[in-house]
Each structure stands twice: as structure tokens, then as C-alpha cells.
Amino acid sequence: MALLSSVGADALAGKVLLDVAVGFGEDWSLSHPVESMGEEIQRTFPALRVVKTLCTVDSSVMVAPGSLEGPSTLFLSGDDAAAKRTVAALLRDLGWPADSLHDLGGIATARGQEHFALLFIGIAQSLGTHGFNIRVVPPAGN
């Protein structure tokens, strides 16, 4: 937040922010257990167009989705539909197929993405790697 504050609300107005952040305390608890960082940023800078994504994968996977063995899912959360389309296009440029992108809805859904970090740590420890992702598998016929 300090960096965004130093840039200033006027300079950020109308810009799209692709938010990948998850905050942790010194004890590895979530720093934002009630309101996500994405929500805090959006509330603090209402004219900034915040889209939370990529925080459910490791940085190595963010830019190399082809390194995964099969299809997986990335989530998008944000209140601005046009901003989400812009971010989706950026994700496709990184190699993420359009059918891997799942729009969760408004910025309040960023909470779930950030809370996934706790499960991510457990999965990474059990696999012995951070180079993985998950996939949402809908019921047959959907």
C-alpha cells in the first residue's frame, strides 16, 4: 500500500492493477483474514481498476503455464468487467488458454484466492514443489 500511496490516487485513477499479492504475518498467518488485500486496495483507491489473479500459482507457473502436465484454472476477481477482459488478454499472452480462466465475480471474491495460499503451502510441501496448479472440474453436462 505504501508504494501505491506514494504514486498517488490521481496517477492511479483509471489504471488497471493486476494484483497477485497475498500477505502473511511473521507467523505465516494471513495478514488479511477478513478483507483481502485486493479489497483493501480497491477501497483505498476507488478509481483504480483492481483485478486479483495469479495468486494461486507460484511465480514460475505464472509465466509458464505450459510447464504443467495438464489443464488448470486461474481465477479473476474484480468489480470492473473491462479491466478483467484486459487482464484476461494479458494472461492469454502469457500462454494461459481462455478456457483456463474462471471469473469469480467482484473483488470480494479475492478473499478466497488469498485464503487458498494456506492450502497451497500444504500442497507444495506434500508434492515437494511449488510448480503446480489446480483445476476446477464442473459437473458433467455443464
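The structure we're discussing is the one just above.
Caption draft 1: Structural detail: the pattern of salt bridges. Within the structure shown, the criterion is met by 6 salt bridges. Between R111 and E39 there is a salt bridge, and its shortest N-O distance comes to 2.7 Å. Of the two residues, R111 is situated in helix α6 (residues 110-127) and E39 in helix α3 (residues 37-44); the sequence distance between them amounts to 72 residues. Owing to a relative accessible area of 37%, R111 belongs among the partly exposed residues under this scheme.

Caption draft 2: The layout of surface pockets, seen in detail. By volume, the largest pocket is sized at about 290 Å³. Lining of the largest pocket is provided by 15 residues; of these, S72, T73, D99, S100 and R135 occupy positions nearest its centre. Class assignment for the residues of the lining of the largest pocket results in 8 nonpolar, 5 polar and 2 charged. F24, C55, V57, A117 and F120 are, among the 14 residues lining the second largest pocket, the residues nearest its centre. Those elements that place two or more of their residues in the lining of the second largest pocket are α4 (59-62) and α6. Here the element with the most residues in the lining of the second largest pocket is α6; it accounts for 3 residues. Considering only residue class, the lining of the second largest pocket consists of 11 nonpolar, 2 polar and 1 charged.

Caption draft 3: Layout of unusual backbone geometry. Phi is positive for W28, which is not a glycine, with a value near 70°. Here W28 is to be found in the loop between β1 (16-19) and α3. Judged by relative accessible area, which is 57%, W28 ranks as exposed. Positive phi, normally seen in glycine, also occurs at L54, with a value near 65°.

The rules we used
- Residues numbered from 1 in each chain as written.
- Predicted model: local features only at pLDDT ≥ 70, side-chain atom pairs only at ≥ 80, totals over all residues.
- Heavy atoms only, no water.
- Salt bridge = Lys/Arg side-chain N within 4 Å of Asp/Glu carboxyl O.
- Helix = DSSP H or I, 4+ residues; strand = E, 2+ residues; numbered from the N terminus.
- Buried < 20%, exposed > 50% of the residue type's maximum accessible area, 1.4 Å probe, protein only.
- 1 Å grid on protein atoms, 1.4 Å probe; cavity = no way out; pocket = protein on both sides within 12 Å on 5 of 7 lines; lining within 4 Å.
- Points joined across faces, edges and corners; volume = space filled by probe spheres on them.
- Nonpolar A, V, L, I, M, F, W, Y, C, P; charged D, E, K, R; others polar.

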